[in-house]
Amino acid sequence: MNHDTFDEEVLDAELVEDEGEALAVVQEPAPRIVVDQHTILHPGQALPTTADGPRYTELDLRVSPETSALLKKSDPAETGPMKAFREWCAEQRDEQDGEEGEATGRVPVPCTTATFTEYSRHLMAKGLQVSTIKNYMSLIRTAMPVGKKPDSSEYLQLLALYRKENKRALKVKQAFPLTLPYVIPMIQKAEASGRAIGIRDAAIFALGYRMLSRSVEDVDLLIEDLTILDDRVLVWLAEDKTHKGEPQTLVLRDRPDIQLVPRMRRWLQHLAGFGVTTGPVFRHLLKNGEPASTETRERTATERGEHLRPQTINERVKYWFAKAGLVGDGRPISSHGLRAGAATDLAEAGATDEELEEAGRWVKGSRIPREVYVRPVKNAKKDVFEKVAVFEPSPGDHASVES
């Protein structure tokens, strides 16, 4: 053997005897130094290498079926915006093939910065609100794997131009406020149906108005979260949109018009009649009024299980608004109208910004109670032209209006 040409790395090899067979040379790679800009060495400490790291087994990489199910349930890749993004990517054609070219598609996950930017322009071409576009793009970027998220700078540059050239895209469509003159007829109409779904919907509307709740809070509410007393309902919330990780107990005093206590009791008694005393408060119902189980909803509601979807409450609000023969003013009729209606009633009754903040659980100092509810009410009650005397033309005056 020519020692002059012997590979130096053989010095790191082991000699392994395999039951009478010839000695085999098993070569291991030399340990590599592992450092980055965050590495700190104390006096006398050697540089860390790959040999110092842990040796993982397959078990270290696996999660349980229960954990896997929970991760899939909260997977941002399953949101509506992400599904729409996947469909758009699949429909894309190579421009070099012309409009009649075959759909070649774009890779949705992980998407390139170019695809991410182009999709933002697609949303802008649809004339969506700036806030909607920002929300969709944020959800899509969040759904990308760690370390493979697209650059947002190009998309934000387009959005800034879109914002400048499309002032109407900045306008936020406010929901029609379902104040008491609207929500009470809806509740009464639902109850008059004599059906279990009417009892459920009446309870949803009463709670949504009195709690100024968001629809997602209603559908996530559990029976265990409620304490119903004679004159009030206590609602325990683990968190809400503006109080992440901050549990709170809401005290909802009843009113003669809303009748929250009897309506919630009537609905919970209906559930108890079918043996349901825990789990989601508001559930899907079969035609006979029986609460739908996970099994009966498996094909249509696997993602929410026994819980209603927020969109379902939206649909029920629209349904009973129409059934009650009510007419709006052109603004969207939606479940958010219950929250907006209660806030509007409070503002018209003279509630302060701080009182509205507390009732609606807005973050302290939020501009929403002041600008969306209090200020419009105050502006509607005053008119600077009331200071101007009404002009009454004399007979024969040309300024008079001819019929």
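Everything below is about the structure shown above.
One structure accompanies this document, and this report is about it. Note that the structure is predicted; figures quoted are calculated from it, not measured.

**Side note on the overall build of the protein**
Phase 1: Tallying secondary structure elements over the protein gives 13 helices and five strands in all.
Phase 2: Burial statistics for the protein: of 403 residues in total, 33% are counted as buried.
Phase 3: Pairs at least 24 apart in sequence give 56% of the contacts found in the protein among residues at least 6 apart.
Phase 4: Total accessible area computed for the protein in this model is approximately 26700 Å², and 52% of it derives from carbon and sulfur atoms.

**Remarks on the sheet that holds strand 5 (residues 248-253)**
Phase 1: Across the sheet, three strands lie side by side as 3-4-5; this open sheet has antiparallel pairing. Edge positions in the sheet fall to strand 3 (226-228) and strand 5, since each of these pairs with one other strand and no more. Between one strand axis and the next, the sheet turns through 15 degrees on average, direction left out of account.
Phase 2: Taken strand by strand, helix 7 (residues 196-211) contacts strand 4 (232-237) and strand 5, and its axis lies near 110 degrees from that of strand 5.
Phase 3: Where helix 9 (residues 260-272) meets the sheet, its contacts fall on strand 3, strand 4 and strand 5, and the angle it forms with strand 3 comes to roughly 115 degrees.

**Some remarks on unusual backbone geometry**
Phase 1: Put simply, V109 and P110 share a cis peptide bond, and its omega is -10 degrees.
Phase 2: Here P110 is to be found in the loop between helix 2 (80-91) and helix 3 (113-125).
Phase 3: With a phi angle near 50 degrees, L212 is a residue other than glycine that sits in the positive phi range.
Phase 4: One can find L212 in the loop between helix 7 and helix 8 (215-220).
Phase 5: You can call L212 buried: its relative accessible area is 4%.
Phase 6: With a phi close to 50 degrees, Q259 is a non-glycine residue in the positive phi region.
Phase 7: Assignment of secondary structure puts Q259 in the loop between strand 5 and helix 9.
Phase 8: Judged by relative accessible area, Q259 falls into the partly exposed class, the value being 35%.

**Overview of the pattern of salt bridges**
Phase 1: Counted by the stated rule, this structure contains 14 salt bridges.
Phase 2: Across the salt bridge formed by E217 and R361, the nearest N and O atoms sit 3.0 Å from each other. Taken as a pair, E217 in helix 8 and R361 in the loop between helix 12 (353-360) and helix 13 (368-381) lie far apart in primary sequence, 144 residues in all. The two residues E217 and R361 agree in class, both being buried.
Phase 3: Residues E306 and R283 are paired through a salt bridge, measuring 3.0 Å at the closest nitrogen-oxygen approach. With E306 in the loop between helix 9 and helix 10 (310-323) and R283 in the loop between helix 9 and helix 10, this residue pair connects regions lying 23 residues apart in the sequence.
Phase 4: In this structure E306 comes out as partly exposed when scored by relative accessible area, which is 25%.
Phase 5: With relative accessibility at 4%, the residue R283 sits in the buried group.
Phase 6: Each of R214, E217, D240 and R361 takes part in salt bridges that share partners, so that together they form one network.

**Topic: the nonpolar core**
Phase 1: Formed by 58 residues in total, the largest nonpolar core has its most connected members in V183, F205, L207, V235, W267, V281 and F282.
Phase 2: Those elements that provide at least two residues to this core are helix 6 (180-192), helix 7, strand 4, strand 5, helix 9, helix 10, helix 11 (336-348) and helix 13.
Phase 3: The biggest single contributor to this core is helix 7, with 11 residues.
Phase 4: Ignoring sequence-local partners within four residues, the contact set of V281 consists of L221, L222, I223, L226, M264, W267, L268 and L271.
Phase 5: Grouped together as the second largest cluster of nonpolar side chains are 18 residues, F85, W88, Y119 and I140 included.

**Overview of the pairing of strand 5**
Phase 1: Only one face of strand 5 is buried: it carries Q248, L250 and L252, and the other face, with T249, V251 and R253, is open.
Phase 2: Sheet topology note: the strand 4/strand 5 ladder contains six bridges and is antiparallel. Counterpart to W236 in the pairing with strand 5 is T249.

**Structural notes on the packing of helix 7 against helix 9**
Phase 1: Between helix 7 and helix 9, whose axes approach to 9 Å, the crossing angle comes to 140 degrees. Compared by their axis directions, helix 7 and helix 9 come out oblique. Our pair here, helix 7 against helix 9, has a crossing hand that is left-handed. Residues A196, I199, R200, A203, A206, L207 and R210 of helix 7 pack against L260, R263, M264, R266, W267 and H270 of helix 9.
Phase 2: Within the contact of helix 7 with helix 9, the residues separate by chemical class into eight nonpolar, one polar and four charged.

**Digging into the packing of helix 4 (residues 130-142) against helix 5 (residues 153-165)**
Phase 1: Close contact between helix 4 and helix 5 brings their axes to 11 Å; oriented N to C, the two are set at 170 degrees. One finds that helix 4 runs roughly antiparallel with respect to helix 5. Here V130, I133, K134 and M137 of helix 4 lie close against helix 5, whose contacting residues are Y155, L159, Y162 and R163.
Phase 2: Classifying every residue of the contact of helix 4 with helix 5 gives six nonpolar, no polar and two charged.

How each quantity is defined
Residues numbered from 1 in each chain as written. Predicted model: local features only at pLDDT ≥ 70, side-chain atom pairs only at ≥ 80, totals over all residues. Heavy atoms only, no water. Helix = DSSP H or I, 4+ residues; strand = E, 2+ residues; numbered from the N terminus. Buried < 20%, exposed > 50% of the residue type's maximum accessible area, 1.4 Å probe, protein only. Contact = heavy atoms within 4.5 Å. Areas by Shrake-Rupley, 256 points an atom, 1.4 Å probe, with all protein chains shown as cover. Pairing = 2+ DSSP bridges. Axes fitted to C-alpha atoms, helices over the stretch in contact; angles between N-to-C directions. Salt bridge = Lys/Arg side-chain N within 4 Å of Asp/Glu carboxyl O. Core = buried A, V, L, I, M, F, W, Y, C linked by side-chain atoms within 4.5 Å. Parallel < 35°, antiparallel > 145°, perpendicular 65-115°, else oblique. Left-handed = near helix turned anticlockwise from the far one by under 90°. Nonpolar A, V, L, I, M, F, W, Y, C, P; charged D, E, K, R; others polar.

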